[in-house]
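Listed below are the residues making up each chain.
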Amino acid sequence: MKEQYQQYFDQHGQQDMWRKEALVSFGSLGIPDTSQEDWRYTDFRVLKRHVFPVAMQKKSIDLNQFCLPSCDATRLVFVDGFFKPELSDDLPVGLQVVPSVFQDTDHLRDGIEALNVALCTAALDVVLSASVEKAIHCLFISASPDVGNYTQSRLVLAEGVHAEVVDMHIGMPNVRSFVNHQSHVKLGRNAVLQHYSLQYLQNKALYRHLMTVTQQEKSQFFSHAIGLGAAMARTDIVVELQGEEASCTLNGLYLTQSRQHMDYHTTVHHRVPNCESHEYYKGILMDRSRAVFNGKVVVHPYAQKTEAHQQNRNLLLSKKSEIDTKPELEIYADDVSCSHGATVGQIDDNQLFYLRSRGLSEEQAKKILTFSFAAELLNHMTDPVLQEHARQRLLQILPGDELSSELQEMS
Amino acid sequence: MKLGSYWLLVLKVRLDDGFKLYQKVQVLMLEIKNLHVEVDGKKILKGIDMHVRAGEVHAIMGPNGSGKSTLSHVLSGRPGYEITQGSVVYKGKDLLAMSTEEKACEGVFLAFQYPVEIPGVNNAYFLRESLNAIRRHRQQPEVDAMDFMALMKEKLEIIAIKKDLMRRGVNEGFSGGEKKRNEIFQMAMLEPYLAILDETDSGLDIDALKAVAHGVNQLRQPDRSMIMVTHYQRLLDYIIPDVVHVLADGKIQLSGDKDLAKELESRGYDWVSAA
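Small disclaimer: the values here were computed from a predicted structure and weren't measured.

1. Side note on the overall build of chain A
Part 1 of the reasoning: When you go through chain A residue by residue, the secondary structure sums to eight helices and 19 strands.
Part 2 of the reasoning: Taking 411 residues into account, the globule formula puts the C-alpha radius of gyration at 22 Å, and chain A, at 21 Å, falls close to it.
Part 3 of the reasoning: C-alpha extents for chain A along the principal axes are approximately 70 × 50 × 45 Å.
Part 4 of the reasoning: The contacts of chain A with a sequence gap of at least 6 include a subset with a gap of at least 24, amounting to 83%.
Part 5 of the reasoning: For chain A, the accessible surface area stands at approximately 16,500 Å², while carbon and sulfur atoms represent 45% of it.

In structure tokens:
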């Protein structure tokens, strides 16, 4: 496997030292397998059988074929891992697109990350010293079959800067591709970031997103992760609370169908006192799909007065779906307020009967109940346009007739 | 001659009125024949016979465990009951063969003893979906948002329920009285032909009871029948029934007019069993 990527490497004269090192690491780390605790339920062995090289042909794309949210934002478009300036808005001050932003090869976690560092084709580098009015929308389109999309982004927010950044991953139907993205966030004092990670890939895509966040004093990080697509998806979010009174909120919603597999691993490190973390993930599982949630909170020694709360709720709509949920708390300080919980349930028979006794068909009643389960998290999304867009996507996936449009305004 | 035709006309009007009344009395809304029901192999109902005509209000009273709730659950189609014998005919159709939603669409309404909370599903939205599902079934045009709001406003006044409750999730955080009032409000909106009120008085204080009873009385009309299932006579002080049935040991032991309820109240249910 390494040899095949090496071949690609040699052909394209990749000279950067760190890329070569990363490729060597890839050789030694390999694709993670289920014997590793962190990858116990998610088997990416397909990456051992198939090579996903960088796209050779630049594909032209008509954005109108996709149902995109109409936001007043700075839109940056990446196709098959390459930046498309002709489809993108002008880059405002503080933003640039470079070949790579992440060149640290000493602390690679796994082979997938190593591959990203070795092969990265485009990276968005955002260094903001002042707040920007418009949100930054990064649209990653996976268009060609059997290629890897190796992209990165770095978001550095200086003291007091507010920003909204959206990563949206979409793709062409029936394209088997590998989306390997990583993003690294650094928040200065009092900085506030609303981050959206919207995974709306098509049914055959493979997806891995690795995100690291470090937060300084009184900074606030809000993560909204929506996962509706891909055949197999894995998201890792690692937050380091390094300054006092920093807070992070991790919200997530996943919906899986047919044989989809979706995995969310989050880790929050409370390294200093007086920080807060709130995590709320909800999942809806249909057919023979499977999801994994592993939320870990580590309260390090001296991180007193920590407040950490975590919830994972799941709705199983079929007998053959499976959720593996594991909330983890590791507490090494004694004056903290922490909670965690996980629930797995089905549609409530009494609620179903109540709706049916008022004339709604069983299918409609189930759709309404399922949607209301998800709506709670959608309502946490602070961007109304993205919220509405996510809602529509969700309603399209849920079986049953169309619900009347007032559902949105009334819910 | 002039006078004679006047009296003829009077006679005709009287006859027409009488015929209408006769028709009304004759229209059978619900006919229960020899109904036997089991739950987990245990016989609960052991041969119920009942006729409810259009416009009538029937009260079914009985001690705990007599089968009152089972009867209302079976009529509304709640799962978990096995009908071993008998038939229920509603407006000429086999009620027991209908699904829960079909019953609702055909005009059967159950006011729940314990209305279910559904957080996240907006009350007004849910009611509009229901109303339109029923209207679609009856091949009537759907109600748009504007007309729905107007209709809702009209019915809210009848039932005297707070408008802002409609913006909340279905029964979400409602008090006991608000939940029961919401049931009657839904009934007002969905305009059923047959309403089954299951222990509508339970858990209500006297003011809430009066308010709910007032709402129900407003909804009495010649083409709508009601079956009230209740343990206590006090509900019947406010909603005067046409017929009172006393259910005990899975059978209707006695039927009579509203005075039967009073007698029952003073003598207790033991009197029925003894008789």
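Read on for the rest.
2. A look at the domain arrangement of chain A
Residues and elements named next belong to chain A.
Part 1 of the reasoning: Split by domain assignment, chain A resolves into domain 1 (2-243) and domain 2 (348-411).
Part 2 of the reasoning: At the interface, 17 residues of domain 1 touch twelve residues of domain 2.
Part 3 of the reasoning: When domain 1 packs against domain 2, the two sides together hide about 1,200 Å² of surface, and 68% of this comes from carbon and sulfur.
Part 4 of the reasoning: A per-residue breakdown of the area domain 1 buries against domain 2 is headed by Tyr196, Tyr200 and Leu228, which together make up 40% of the total.
Part 5 of the reasoning: Scanning the region where domain 1 abuts domain 2 turns up four residue pairs in polar contact (both at pLDDT 80 or more).
Part 6 of the reasoning: Residue classes in the side of domain 1 that touches domain 2 are distributed as twelve nonpolar, four polar and one charged.

3. A few points about the packing of helix 5 (residues 349-356) of chain A against helix 6 (residues 362-378) of chain A
Residue and element names in this part refer to chain A.
Part 1 of the reasoning: Where helix 5 meets helix 6, the closest approach of the two axes is 9 Å, and the angle between their N-to-C directions is 125°. In terms of orientation, helix 5 and helix 6 fall into the oblique class. Between helix 5 and helix 6 lies a crossing of right-handed hand. Of the residues in helix 6, those touching helix 5 at Gln351, Leu352, Leu355 and Arg356 are Glu362, Ala365, Lys366, Ile368 and Leu369.
Part 2 of the reasoning: Of the residues belonging to the contact of helix 5 with helix 6, the class tally is five nonpolar, one polar and three charged.

4. Quick look at the pattern of salt bridges
Residues and elements named next belong to chain A.
Part 1 of the reasoning: The tally for this structure, following the rule as stated, stands at 37 salt bridges over all chains.
Part 2 of the reasoning: Asp110 is the salt-bridge partner of Arg208, the closest N and O atoms lying 3.1 Å from each other. Here Arg208, found in strand 10 (residues 206-215), pairs with Asp110, found in the loop between strand 3 (95-98) and helix 4 (111-119); they are 98 residues apart in sequence, far enough to count as distant.
Part 3 of the reasoning: Asp110 sits in the buried class, given a relative accessible area of 6%.
Part 4 of the reasoning: Each of Asp110, Arg208, Arg234, Asp236 and Asp263 takes part in one network of salt bridges that share partners.

5. A closer look at the sheet that holds strand 3 (residues 57-61) of chain B
All names here are of chain B.
Part 1 of the reasoning: Spatially, 6-9-10-3-11-12 is the arrangement adopted by the six strands of the open sheet, whose pairing is mixed. Since the sheet does not close on itself, it has two edges, and those belong to strand 6 (108-111) and strand 12 (251-256), each with one partner. Direction aside, the axes of adjacent strands within the sheet are offset by 20° on average.
Part 2 of the reasoning: Pairing of strand 3 with strand 11 (residues 243-248) involves four bridges; the strand directions are parallel. The residue bridging Ala59 from the neighbouring strand is Val244, located in strand 11.
Part 3 of the reasoning: In this fold helix 6 (residues 176-190) packs onto strand 6, strand 9 (194-198) and strand 10 (225-230), with an angle of close to 165° to the strand it touches most, strand 6.

6. A word on the pairing of strand 10 of chain B
Residue and element names in this part refer to chain B.
Part 1 of the reasoning: Along strand 10, six of the six residues are buried, which leaves the element largely enclosed by surrounding structure.
Part 2 of the reasoning: Covered by surrounding structure in strand 10 are Ser225, Ile227 and Val229 together with Met226, Met228 and Thr230, the residues of both alternating faces.
Part 3 of the reasoning: Here five bridges tie strand 3 to strand 10, and the two strands are oriented parallel to one another. The residue of strand 10 that forms the bridge with Val57 is Met226.
Part 4 of the reasoning: When strand 9 meets strand 10, the two strands line up parallel, connected through five bridges. When the bridges of strand 10 are listed, Ala195 appears paired with Met226.
Part 5 of the reasoning: The β-α-β motif built from strand 9, the intervening helix 7 (residues 206-218) and the parallel element strand 10 has right-handed crossover chirality.

7. Brief notes about the sheet that holds strand 5 (residues 135-142) of chain A
Residues and elements named next belong to chain A.
Part 1 of the reasoning: Spatially, ten strands are ordered 2-1-5-7-9-11-13-15-17-19 in an open sheet, and the strand pairing comes out mixed. The open sheet has two edge strands with one neighbour each: strand 2 (82-83) and strand 19 (337-345).
Part 2 of the reasoning: Bridge count between strand 13 (residues 247-256) and strand 15 (residues 276-285): ten bridges; the pairing is parallel. For Leu253, the partnering residue across the bridge sits in strand 15 and is Lys282.
Part 3 of the reasoning: The strands that helix 6 touches are strand 11 (220-227), strand 13, strand 15 and strand 17 (307-316); relative to strand 15, the one it contacts most, it runs at about 155°.

8. Regarding the nonpolar core
Soluble globular proteins: nonpolar side chains tend toward being buried together.
Part 1 of the reasoning: Formed by 80 residues in total, the largest nonpolar core has its most connected members in Ile141 and Leu198 of chain A together with Leu30, Ile32, Leu35 and Leu75 of chain B.
Part 2 of the reasoning: Sort the elements by how many residues they give to this core and helix 6 of chain A lands first, with nine residues.
Part 3 of the reasoning: Counting contributing residues per domain, this core is built from domain 1 (2-243) and domain 2 (348-411) of chain A, each supplying no fewer than three.
Part 4 of the reasoning: What Leu30 of chain B contacts, discounting residues up to four positions off in sequence, is Met50, His51, Val52, Leu75, Val88, Val89, Tyr90, Leu95, Leu194 and Ile227 of chain B.

9. Some thoughts on unusual backbone geometry
Part 1 of the reasoning: Its identity is not glycine, yet Asp146 of chain A carries a phi of approximately 55°, on the positive side.
Part 2 of the reasoning: Taking relative accessible area as the criterion, Asp146 of chain A reaches 36% and is therefore assigned partly exposed.
Part 3 of the reasoning: For Asp249 of chain B, which is not glycine, the phi torsion reads 55° and is therefore positive.
Part 4 of the reasoning: Along the chain, the position of Asp249 of chain B falls in the loop between strand 11 and strand 12.

Cut-offs applied
- Residues numbered from 1 in each chain as written.
- Chains lettered and ligands numbered in written order.
- Predicted model: local features only at pLDDT ≥ 70, side-chain atom pairs only at ≥ 80, totals over all residues.
- Heavy atoms only, no water.
- Helix = DSSP H or I, 4+ residues; strand = E, 2+ residues; numbered from the N terminus.
- Rg over C-alpha atoms; globule rule 2.2 N^0.38 Å.
- Contact = heavy atoms within 4.5 Å.
- Areas by Shrake-Rupley, 256 points an atom, 1.4 Å probe, with all protein chains shown as cover.
- Domains from an automatic or database assignment.
- Buried area = accessible area lost by both parts, 1.4 Å probe.
- Polar contact = N/O pair within 3.5 Å; in protein donor to acceptor, adjacent residues only side chain to side chain.
- Nonpolar A, V, L, I, M, F, W, Y, C, P; charged D, E, K, R; others polar.
- Axes fitted to C-alpha atoms, helices over the stretch in contact; angles between N-to-C directions.
- Parallel < 35°, antiparallel > 145°, perpendicular 65-115°, else oblique.
- Left-handed = near helix turned anticlockwise from the far one by under 90°.
- Salt bridge = Lys/Arg side-chain N within 4 Å of Asp/Glu carboxyl O.
- Buried < 20%, exposed > 50% of the residue type's maximum accessible area, 1.4 Å probe, protein only.
- Pairing = 2+ DSSP bridges.
- Right-handed = clockwise from strand over helix to strand, strands pointing away.
- Core = buried A, V, L, I, M, F, W, Y, C linked by side-chain atoms within 4.5 Å.

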